[in-house]
Amino acid sequence: MVKGRTQTFFRQAVPACVCRPYLLMLTSVFIPPRNVILDLKRAIFYFLWGSKSERLRRDTMRETKEKGGKGVPDLFLILGARYATIGLAAATAPSGNPKTAAMARFWMGSYLRKLKLLKTDLKVPVSFYLPQSYHFIQKFLKHFNLEKQELHILTNIRSVISVVQEREPVSPVRGLALGEPSTVWKNVNHPVLPNRLRDLSWMVAHEILPVRSVMHSRGMSTSPTCPRPGCGAPESVRHLLWECSAAVEQWTLAGSLQFPCLPAREVLTAQLVLYGVSQSQQTPKDFAKQWLTLAAIKDATWTSRNLLVRKHKQIPPLAVIRMAAATVSMAVAAGGGPRTQPQRRIASVPIRMKEPEPYGKSSKSSSGLTLRERQVGRSSRVRISSEHQDRIPRDHICLGEQDELILIGAHCTPAQQLTFKEKRFLTNALLLIVLNEDTVFTPKNIL
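Residues numbered from 1 in each chain as written. Predicted model: local features only at pLDDT ≥ 70, side-chain atom pairs only at ≥ 80, totals over all residues. Heavy atoms only, no water.

I keep staring at the overall build of the protein and nothing clicks. Help me out?
Within the protein, the regular secondary structure consists of 20 helices and four strands. Residues classed as buried in the protein amount to 39% of the 447 residues present. The contacts in the protein between residues at least 6 apart in sequence include a share of 56% that link residues at least 24 apart. With the model as given, the accessible surface of the protein reaches about 26800 Å², and the carbon-plus-sulfur share is 56%. (Helix = DSSP H or I, 4+ residues; strand = E, 2+ residues; numbered from the N terminus. Buried < 20%, exposed > 50% of the residue type's maximum accessible area, 1.4 Å probe, protein only. Contact = heavy atoms within 4.5 Å. Areas by Shrake-Rupley, 256 points an atom, 1.4 Å probe, with all protein chains shown as cover.)

Shown next, in the form of structure tokens:
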């Protein structure tokens, strides 16, 4: 969906873990205006896609993964459910603050009696008109058709959201000829697939992969034809992964000889390749191996196509098959581990202010080693070459514990004179080098 899986996690985690708690706390008091919610929705989807060009309808994106969406939070549903459940609970549930309950029953009494959520008591005064703050609750219940639900559901935010989400239909799959769409979305989110292959399978099922026919229909490409030499057909998702001559040659090579879990080319069908649906019965273990292999081959095909379009490099079919085999081996080796690379934790180095020693005592530390000796010792443990040790002046300061260092000085060696091994060490150790007091080389731009 976005460029990298780390960015995908970041762009999904920020709206869910940072924005939602603040908005829920805000809606405990009052509901934000409609234009504010619309602006937040627009900002969230622009943030998720990385641009203003959205490839899929927002209603489909808000659906659960089992129904073909990505589970993007619906702000109107979540915030409205929070506000409505608090108001209904204050008016119907027993409360330790009788004044608050009496005020809520007064303003909402007529509407709650109409819904048969509150018993009619002629001795208790009620308002016949809802104020603006409570009018939103009526609008929310009518919009999601929740007025006939029971009271224990309307006073629980999770129950309200689950009832609304269960009513949502499953997203259709355009090119599906066998089986149900729910089976396709189950295969798309199969636990054996890494996150990159999940995103690719999801875009293939929705036919939103940025091929030339899709980009041409949106005015972002001058021609819809396939970029392969000698192929003048429109480049659709099905054409790229199944009908193109290059794809036919790749699926012919990727037979039972290269991948034993795949059937022969004559038995392989487009429904199985694109959606993982076939008439043959397989065990879950065999299907997991087969589906992982098919997804890896599609990913290698998409990568080779991008190299051809962007860098004009044509990858032979055998190299594409080897790329797919490497992807399969990496996914199998990961096993039950995380599907994405964990975030590298940058350790902070505290600066310890050392008390001045009395005059006349040795400058050695309690361990009996001078600063230069400790610096050389650390350098030898982390395997810095002796040539580079001689380049570091004596007046440089080495801060940190164990193998985490920060080298600060006015005359450090330029990065161009470092060997590749030294650059690799600096990258892995997450060092920060300040050169000539105005140039900073971070691990990202050292290599």
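Here the narrative resumes, following the displayed structure.
It is not clear to me how the pattern of salt bridges should be interpreted in this structure. Could you clarify?
Here the idea is simple: oppositely charged side chains can pair when their charged atoms come close. What the rule picks out here adds up to eleven salt bridges. As a salt-bridge pair, Asp 74 and Arg 62 come within 3.9 Å of each other at their nearest N and O atoms. A residue pair is termed long-range when its members are at least 10 positions apart, and Asp 74 in the loop between helix 3 (58–61) and helix 4 (75–92) and Arg 62 in the loop between helix 3 and helix 4 qualify at twelve residues. Relative accessible area serves as the criterion here: at 18%, Asp 74 is assigned to the buried category. (Salt bridge = Lys/Arg side-chain N within 4 Å of Asp/Glu carboxyl O.)

Please clarify how a nonpolar patch on the surface should be interpreted in this entry.
Together, Leu 26, Val 29 and Phe 30 give the surface a local cluster of nonpolar side chains, amounting to about 270 Å² of exposed area. With respect to the helices and strands, Leu 26 occurs in helix 1 (residues 5–27). (Patch = residues over 30% accessible without salt bridge, like charges linked within 9 Å, V, L, I, M, F, W, Y side chains within 5 Å.)

What is the right way to read the state of the cysteines from this model?
Structurally, a disulfide amounts to a covalent bond that connects the sulfur atoms of two cysteines. All told, the structure shown has zero disulfides when counted by the stated rule. Between Cys 226, a free cysteine, and Cys 244, which holds the nearest cysteine sulfur, the sulfur-to-sulfur gap is 4.0 Å. (Disulfide = S-S within 2.5 Å.)

Help me understand the packing of helix 4 against helix 8 (residues 157–167) in this model?
Two elements in contact, helix 4 and helix 8, have axes whose closest approach is 9 Å; the angle formed by their N-to-C orientations is 135 degrees. Viewed along their axes, helix 4 and helix 8 adopt a mutual orientation that is oblique. For helix 4 against helix 8, the interelement crossing comes out right-handed. For the pair helix 4 and helix 8, the contacting residues are Leu 77, Ile 78, Ala 81, Arg 82 and Thr 85 in the first and Ile 157, Val 160, Ile 161 and Val 164 in the second. Looking at the contact of helix 4 with helix 8, its residues break down into seven nonpolar, one polar and one charged. (Axes fitted to C-alpha atoms, helices over the stretch in contact; angles between N-to-C directions. Parallel < 35°, antiparallel > 145°, perpendicular 65-115°, else oblique. Left-handed = near helix turned anticlockwise from the far one by under 90°. Nonpolar A, V, L, I, M, F, W, Y, C, P; charged D, E, K, R; others polar.)

How should helix 9 (residues 181–188) be read in this particular structure?
Along an α-helix, residues three or four apart share an orientation, since each turn contains 3.6 residues. Taken together, the buried positions of helix 9 are occupied by Val 184, Trp 185, Asn 187 and Val 188. Along the axis of helix 9, the buried positions cluster into a sector of 160 degrees, meaning they face one direction only. The inward-facing, buried residues of helix 9 abut helix 10 (195–206), helix 14 (270–275) and helix 15 (284–311). (Arc of directions from axis to C-beta.)

For this particular structure, what's the right way to read the nonpolar core?
Side chains of a nonpolar character, in soluble globular proteins, are inclined to be buried together. Counting residues in hydrophobic clusters, the biggest one holds 90 residues, and the most contacted among them are Phe 140, Leu 141, Leu 146 and Trp 202. Ignoring any residue separated from it by four or fewer positions in sequence, one finds Leu 141 in contact with Leu 88, Tyr 111, Leu 115, Leu 146, Glu 147 and Leu 154. (Core = buried A, V, L, I, M, F, W, Y, C linked by side-chain atoms within 4.5 Å.)

What am I meant to see in the packing of aromatic side chains here?
Within a pair of aromatic rings, the relevant descriptors are the distance that separates the centres and the angle that separates the planes. Tallied over the full model, the rule gives eight aromatic pairs. Ring plane angle 75 degrees and centroid distance 5.0 Å describe the contact between Phe 106 and Trp 107, whose orientation is recorded as edge-to-face. The partly exposed category is assigned to Phe 106, whose relative accessible area is 27%. Ring pairing ties together the aromatic residues Phe 76, Tyr 83, Phe 136, Phe 140 and Phe 144, which thus form one cluster. One cation-aromatic arrangement involves Lys 70 over Trp 202; the distance from NZ or CZ to the ring centre is 5.0 Å. (Phe/Tyr/Trp six-rings, centres within 6.5 Å; stacked < 30°, edge-to-face > 60°. Lys NZ or Arg CZ within 6 Å of the ring centre and 35° of its normal.)

Which parts of the structure should I look at to understand the environment of Gly 109?
Position of Gly 109 relative to the elements: it lies in helix 5 (residues 98–114). The exposure class assigned to Gly 109 is buried, which follows from its relative accessible area of 0%. Sequence-distant contacts of Gly 109, that is, excluding residues within four places in its chain, are made with Ala 104, Leu 118 and Val 126.

Sorry, what's going on with the side chain of Thr 92 here?
Tracing the backbone shows Thr 92 in helix 4. For Thr 92, the side chain forms a polar contact with the main-chain oxygen of Leu 88, separated by 2.6 Å. Discounting residues that sit within four places of it in the chain, Thr 92 has contacts with Arg 105, Leu 112, Leu 117, Leu 151 and Thr 155. (Polar contact = N/O pair within 3.5 Å; in protein donor to acceptor, adjacent residues only side chain to side chain.)

What exactly am I supposed to notice about the environment of Arg 167 here?
In this fold, Arg 167 is placed in helix 8. As for Arg 167 and Phe 144, which are separated by 23 residues in sequence, their C-alpha atoms are 9.8 Å apart. The contact partners of Arg 167, leaving out residues within four places of it in the chain, are Lys 67, Phe 144, Asn 145, Leu 146 and Gln 149.

It is not clear to me how the confidence of the model for the protein should be interpreted in this structure. Could you clarify?
Do not read the predicted coordinates in detail wherever pLDDT is low. In the predicted model, the protein carries a mean pLDDT of 77, and the fraction of residues at 70 or more is 71%. Residue range residues 1–10 is modelled with pLDDT below 50. Its contacts to residues more than four positions away, or to other chains, number 19 contacts. This model gives residues 361–367 a pLDDT under 50, and the stretch forms seven contacts once residues within four places in sequence are excluded. (pLDDT = per-residue confidence, 0-100.)

Teacher, can you tell me more about unusual backbone geometry here?
Among all residues except glycine, the phi angle is most often negative; among peptide bonds, the trans geometry is most common. With a phi close to 60 degrees, Lys 116 is a non-glycine residue in the positive phi region. Tracing the backbone through its elements, the reader meets Lys 116 in the loop between helix 5 and helix 6 (132–143). A relative accessible area of 76% places Lys 116 in the exposed class. Even without being a glycine, Glu 207 presents a positive backbone phi close to 60 degrees. Turning to its location among the elements, Glu 207 is positioned in the loop between helix 10 and helix 11 (212–217). Residue Glu 207 is classed as partly exposed on the basis of its relative accessible area, which comes to 28%.

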